[in-house]
Amino acid sequence: MDDTADLDRFDSRRSTVYASRGMVATSQPLAAQAGVSILRDGGNAFDAAVATAAALNVVEPTSTGLGGDVFALYRTADGEVGAMRACGGAPADATIDAVRSALEADDDRERYYPESRGYAVDGDASGDDLGMPFLGPHAVTVPGTARGWEATVERLGRKSLGTVLEPAIEYATEGYPVSPVIAHHWTGAEELFTDAHAREAYLFDGESPEPGQTVRLPKLGNSLRTIAEQGADVVYEGAIADEIVSEVRAAGGLMTRDDLAGFEPEFVGPVSTTYNGAEVYELPPNNQGLIALEALNIAEEIGAGDHDYDSPERVHAFAEATKLAFVDGHQYVADPDYESIPPLASKSYARERARAIGSEPIRDPEIGVPNATAEDADTVLLTVGDEEGNLVSYINSRFAGFGSGLVAGDTGIALQNRGASFSLDPDHPNSLEAGKRPFHTLVPAIARLDEDDWMAFGVMGGYMQPQGHVQVLSNVVDYGLSPQAALDAPRWRYREDGCLGVEERLSNASALARRGHDVRVLPPVMFGGAQLVRRRDGTLAGATEPRKDGVAIGY
């Protein structure tokens, strides 16, 4: 039987996993086992998070990798709630004029604007007429992953970076069987990868792997081993840095060794709000955390969670709250070192915005997305808890699948295309500037539900992420669903074109259409990838996204 034939069906059953000593939930079983192995060997939740993320780099290379960025939100055993942001910026030479000039000089620039992502580019178009490329060297920003992993274990973990990378190195060098959803997404590499370095690293006789096929990624394994032995600096100031710079510049990009060497991850204070008694923590800009918080505040103001679960009024209220939060977030959220951002997470602001919501949908709200191609980007999320009380929501991403289409020399490291979220309009808040970090979709989250009741969670998938947070949190807080039931429940998503996407299982879709929503039934794969670990009175509960290949494993 073809394991990928029924990916749009939703008919399996899962239950919440309970354990007392450790829990890992993520989108690929082998990666979850890597994290559990580190917990069993005396590591804490932060060591296990990096081990899981590194393993996902190998077993789910379609969504994450060393060439991308990493974010974390966490609660330590001693009660500290903190956040880490490891995302690089644009090269110092990457000005709007420089990128436009480079595009104008590139006779084959159309390949950076895929029609599958909504681009339609005339071969005679000038640089002034083009938006920021979705693929290619100008979409590559400085990768934050390696130093982010290292900073996580050095500041919060017990193990060395080399130790937690061991499972990933073994998977890459010894091989592993590819799981079904990942095999499905891997097929896109056949068209994306035109460069020899990329095809040698990730295709097998020119083809993507089938479900169950055992693959090895020796080039990536060698890079992981080099990082384990020499530390993350090799990616920013050593031999791997040379390969990254050489690859980008050979393709016409502007990155230099100084751009890489100057990068450092940041430990920042989270932003937060309360929602119907729960305290919710998100990352501050340059990402979508404020969008989730504003949506929750507006939803609370209008009593969205007071409606019956199966009623169209519930979905309408939450969707309209989310719609307004997107309008504000996409107007204001950017790199705070370059732009001033209003207090979008304040209750008073939510009361003001809530006045716009009525019984009919708001029309044409001018979402103003930084880049519409980000809407359906996908990535990985993992959540981990340990017996001491550490909880972490950890996100690692290249932005869209294998990223820019470039793989750095013989390193096996596919480089991200996060720079696609910049704008070449100098008046846009996310306009391209030297050193600036792009608008980021990644949003890990932590919530305190009661005195000794904490939850690490997230929902992956481009602009699905903040509205996924709203739905999962409401499922738990307003309706008392168990962790797994909160993830299983049918979802909706407001889309950039103004439609309200729903899963076929959503019972009130026709009533929403009668209310005036442009309702469209979308396949389950369009509704994100959630993971959740909850620690309540010392007991760990884990849940995983049923629309993915993943598992929650406890011990």
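Please refer to the structure placed before this passage.
The notes below deal with the structure included here. Computed from a predicted structure; not experimentally measured.

Reading the values: the criteria
Residues numbered from 1 in each chain as written. Predicted model: local features only at pLDDT ≥ 70, side-chain atom pairs only at ≥ 80, totals over all residues. Heavy atoms only, no water. Salt bridge = Lys/Arg side-chain N within 4 Å of Asp/Glu carboxyl O. Helix = DSSP H or I, 4+ residues; strand = E, 2+ residues; numbered from the N terminus. Buried < 20%, exposed > 50% of the residue type's maximum accessible area, 1.4 Å probe, protein only. Pairing = 2+ DSSP bridges. Axes fitted to C-alpha atoms, helices over the stretch in contact; angles between N-to-C directions. Phe/Tyr/Trp six-rings, centres within 6.5 Å; stacked < 30°, edge-to-face > 60°.

On to the pattern of salt bridges, then. Tallied over the full model, the rule gives 30 salt bridges. For Lys-347, the salt bridge is made with Glu-300, and the minimal N-O distance between the two is 2.5 Å. Here Glu-300 lies in helix H14 (residues 289-301) and Lys-347 lies in helix H16 (residues 347-354), a separation of 47 residues in the sequence. Taking the shortest distance from any N to any O, the salt bridge between Lys-436 and Glu-433 comes out at 3.6 Å. Since its relative accessible area comes to 0%, Lys-436 is described here as buried. The class of Glu-433 is partly exposed, set by a relative accessible area of 31%. When salt bridges with common partners are traced through the structure, they connect Arg-85, Glu-266, Asp-335, Asp-337 and Arg-437 into a single cluster.

In space, the seven strands of this open sheet follow the order S7-S4-S3-S11-S10-S2-S19, with antiparallel pairing throughout. Edge positions in the sheet fall to strand S7 (266-268) and strand S19 (551-554), since each of these pairs with one other strand and no more. Strand-to-strand, the axes of this sheet are offset by a mean angle of 15°, without reference to chain direction. Here six bridges tie strand S10 (residues 380-386) to strand S11 (residues 391-397), and the two strands are oriented antiparallel to one another.

Sheet faces and side chains relate simply in a regular strand, where the side chains alternate between the two faces. Among the five residues in strand S2 (residues 22-26), five count as buried, and that is most of the element. Residues Gly-22, Val-24 and Thr-26 of S2 are buried on one face, and the alternating residues Met-23 and Ala-25, pointing to the opposite face, are buried as well. Pairing between S2 and S10: four bridges, direction antiparallel. Its bridge partner lying in S10, Val-24 is registered against Val-384. Here S2 runs beside S19; their pairing, made up of four bridges, is antiparallel. Its bridge partner lying in S19, Met-23 is registered against Gly-554.

Considering all chains together, one arrives at twelve aromatic pairs under this definition. Ring centres of Tyr-202 and Phe-402 lie 5.1 Å apart, and the angle between their planes is 55°; this geometry places the pair in the tilted category. Here the residue Tyr-202 occupies a position in helix H9 (residues 196-202), and Phe-402 occupies one in the loop between S11 and strand S12 (445-450), the gap between them amounting to 200 residues. Tyr-202 gets classed as buried once you look at its relative accessible area, which sits at 1%. A residue is classified by how much of its surface remains accessible, and Phe-402, at 4% relative accessible area, is buried. On the numbers, 5.7 Å between centres and 25° between planes, the contact of Tyr-236 with Phe-263 is stacked.

All we've got here are geometric facts, nothing functional implied.
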